[in-house]
Amino acid sequence: MASFQTPRGTVDYLPDKTPLWQKIERTARHIFELYNYQEIKTPIFESTDLFTSSIGGDTDIVSKEMYTFLDKKGRSLTLRPEGTAAIARAYIQHALHRKGNHHLLFYVGPMFRYERPQAGRFRQFTQIGVENIGSPDPACDAEVIIMGIKLFKTLGITDIVPQLNTVGCPICRPVIEERLKQFLESSLTALCGDCQTRFDTNPLRILDCKKNSCTPYFSAMPDIRQSICQSCHDHFDQVLTYLDTHGVTFEINPNLVRGLDYYNRTAFELVSKHLGSQNAVCGGGRYDSLISRLGGPSSPAVGFAFGMERLMALVNSDIPPVPMVYIGCLDPNQYSICFSLTHQLRDRGIKAINHLDALSTNGHLKRASKSNAAIPVIIQASGQCAIVYSSTPTSVPVTSLLAHLVELAPQHPMM
Ligand SMILES: [Zn+2]
Ligand SMILES: [Zn+2]
């Protein structure tokens, strides 16, 4: 029989990797809560229409990468390729705007894109993201950028730099696109098929093209900032001023547009120089008209998302284990003491395991070491006392063993 493997582009995380995963997720939750963001959970699949009408038909995501299927009633459903569209849908469906005019949300969950698998990039990947919904204020753009930087720095990635651009608004977008087309017109035949199609349907998307044959033509591109309206200009300036005020060093990247159509004004990536060419760990931007375009009230918003898998490769994986007590005994008559003591320790928040096999002292010490237990305890054959192997082996009467261990072993911290 053929041996089963994970489907192409997916990955198993075994117990040696999951502590790092938990550390990243815990840190993200901690930082988000510090900024008063609350968690929202939406389904893994949605109506296909939601994604085509929000992300945009000319994007790589919608045109090439979605996992779309018909259910048994013939409804077209799609495994979510990103998080924001579903949150906009939930915001409208549950009329969140009636419950306050500013909503700070975060999410954690798997997303699906049929992409060519490469290092740190999978077809099922986990995204962690935030959405700041209800305000056009440039302070919100700066806040999510600063929050992202704080998160990555807390995780030990100290060389994070935000790269920013503005992609204009519905008023100035036609001007931006016209300038872009004028610039690219003479080299159009040298660009790839996708770029040629996008030249007519969605010129700004051309800047998403990562093909080596196309990117040289983008290098001397006219800066989008020369084509934006005054109001977009002021907005972008204020975002930069807020970042400056907070001492954030940033870079302007005039070719940064992000691969989603719903962005307007601020688009940004958080970049780590450690990552080589694909150096963004996090991307985001403002999407002022997404919610109204999907049928909701006018709700300007800004957010970001990052992929867990790419981050796993960057974060230091040395996580000290929580000290654990190991209880063993030399005589089967002491199994019940072993069993009950282990549970009493857990009731007091102390991480503990037992081994109900009457091994020799050496046998137990080997087992304890294999289980990474920091504090082996061996109940002696008489059942009267136990040897606790902390810094030096100490004999402790069984009657006071619990109190002794509670004193000795640290409490397992609440997640
Ligand atoms: Zn504008
Ligand atoms: Zn191209």
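Residues numbered from 1 in each chain as written. Chains lettered and ligands numbered in written order. Predicted model: local features only at pLDDT ≥ 70, side-chain atom pairs only at ≥ 80, totals over all residues. Heavy atoms only, no water.

Things to note about the coordination of the zinc ion (ligand 1)
Metal coordination angles in their ideal form are 109.5 degrees for the four-donor tetrahedron and 90 or 180 degrees for the six-donor octahedron.
Part 1 of the argument: The coordination sphere of the zinc ion (ligand 1), as far as protein atoms go, consists of Cys169 (SG), Cys172 (SG), Cys229 (SG) and Cys232 (SG), spread over 2.2 to 2.3 Å.
Part 2 of the argument: Given four donor atoms and angles of 101 to 115 degrees at the metal, the environment of the zinc ion (ligand 1) is assigned as tetrahedral.
Part 3 of the argument: All donor residues of the zinc ion (ligand 1) come from one chain, and their arrangement in sequence is C-x2-C-x56-C-x2-C. In this pair, Cys172 sits in the loop between strand 7 (160-166) and helix 6 (173-184) while Cys232 sits in helix 8 (residues 230-245), placing the two residues 60 residues apart along the sequence. (Donors = N, O, S within 2.8 Å, 3.2 Å for Na, K, Ca; no water. Tetrahedral: all angles 85-135°; square planar, octahedral: opposite > 155°, others 65-115°. Helix = DSSP H or I, 4+ residues; strand = E, 2+ residues; numbered from the N terminus.)

Notes on the coordination of the zinc ion (ligand 2)
Part 1 of the argument: Donor atoms from the polypeptide that bind the zinc ion (ligand 2) are Cys192 (SG), Cys195 (SG), Cys209 (SG) and Cys214 (SG), placed at 2.2 to 2.4 Å.
Part 2 of the argument: Ordering the donors of the zinc ion (ligand 2) by residue number gives the pattern C-x2-C-x13-C-x4-C. In this pair, Cys195 sits in helix 7 (residues 193-201) while Cys209 sits in the loop between helix 7 and helix 8, placing the two residues 14 residues apart along the sequence. A single burial state applies to Cys195 and to Cys209, both of which are buried. (Buried < 20%, exposed > 50% of the residue type's maximum accessible area, 1.4 Å probe, protein only.)

Details of the domain arrangement of the chain
Part 1 of the argument: Segmenting the chain into domains produces domain 1 (18-172 + 228-312) and domain 2 (325-408).
Part 2 of the argument: Placing a centre on the C-alpha atoms of domain 1 and another on those of domain 2 gives a separation of 50 Å. (Domains from an automatic or database assignment.)

Looking at the sheet that holds strand 13 (residues 352-355)
Part 1 of the argument: Taken in spatial order, the five strands make up an open sheet running 13-12-14-15-16, and their pairing is mixed. The sheet is open, and its two borders are formed by strand 13 and strand 16 (393-397), each paired with just one other strand. Sheet twist, expressed as the average angle between the axes of neighbouring strands with direction ignored, equals 20 degrees.
Part 2 of the argument: Bridge count for strand 12 (residues 325-329) against strand 14 (residues 375-379) is five bridges, and the pairing is parallel. If you follow Cys329 over to strand 14, its bridge partner there is Ile379. (Pairing = 2+ DSSP bridges. Axes fitted to C-alpha atoms, helices over the stretch in contact; angles between N-to-C directions.)

Some thoughts on the pairing of strand 7
Part 1 of the argument: Most of strand 7 sits out of view: seven of its seven residues are buried.
Part 2 of the argument: Residues of strand 7 alternate between two faces, with Ile160, Pro162, Leu164 and Thr166 on one and Val161, Gln163 and Asn165 on the opposite face, all of them buried.
Part 3 of the argument: Of the pairings in the sheet, the one linking strand 7 to strand 9 (residues 264-272) comprises seven bridges and is antiparallel in character. Residue Gln163 lies in a different strand from strand 9, and its bridge partner there is Glu269.
Part 4 of the argument: Of the strand pairs in this sheet, strand 7 and strand 8 (residues 251-252) are connected by two bridges, and their pairing is parallel. Pairing of Gln163 across the sheet is with Glu251, part of strand 8.

Notes on helix 13 (residues 401-408)
Part 1 of the argument: Within helix 13 the residues assigned to the buried category are Leu401, Leu402 and Leu405. Viewed end-on, helix 13 has its buried residues packed into an arc of 95 degrees, placing them on one side of the element. Away from its buried face by more than 90 degrees, helix 13 exposes Ala403 and Glu407.
Part 2 of the argument: Packed against the buried residues of helix 13 are strand 12, helix 11 (335-347), strand 14, strand 15 (385-389) and strand 16. (Arc of directions from axis to C-beta. Contact = heavy atoms within 4.5 Å.)

Topic: empty space enclosed by the protein
Part 1 of the argument: Here the structure, examined in full by the defined rule, presents one cavity of 30 Å³ or more.
Part 2 of the argument: Taken as a whole, the largest cavity holds about 40 Å³ of empty space.
Part 3 of the argument: Looking at the lining of the largest cavity residue by residue, the class counts come to four nonpolar, one polar and two charged. (1 Å grid on protein atoms, 1.4 Å probe; cavity = no way out; pocket = protein on both sides within 12 Å on 5 of 7 lines; lining within 4 Å. Points joined across faces, edges and corners; volume = space filled by probe spheres on them. Nonpolar A, V, L, I, M, F, W, Y, C, P; charged D, E, K, R; others polar.)

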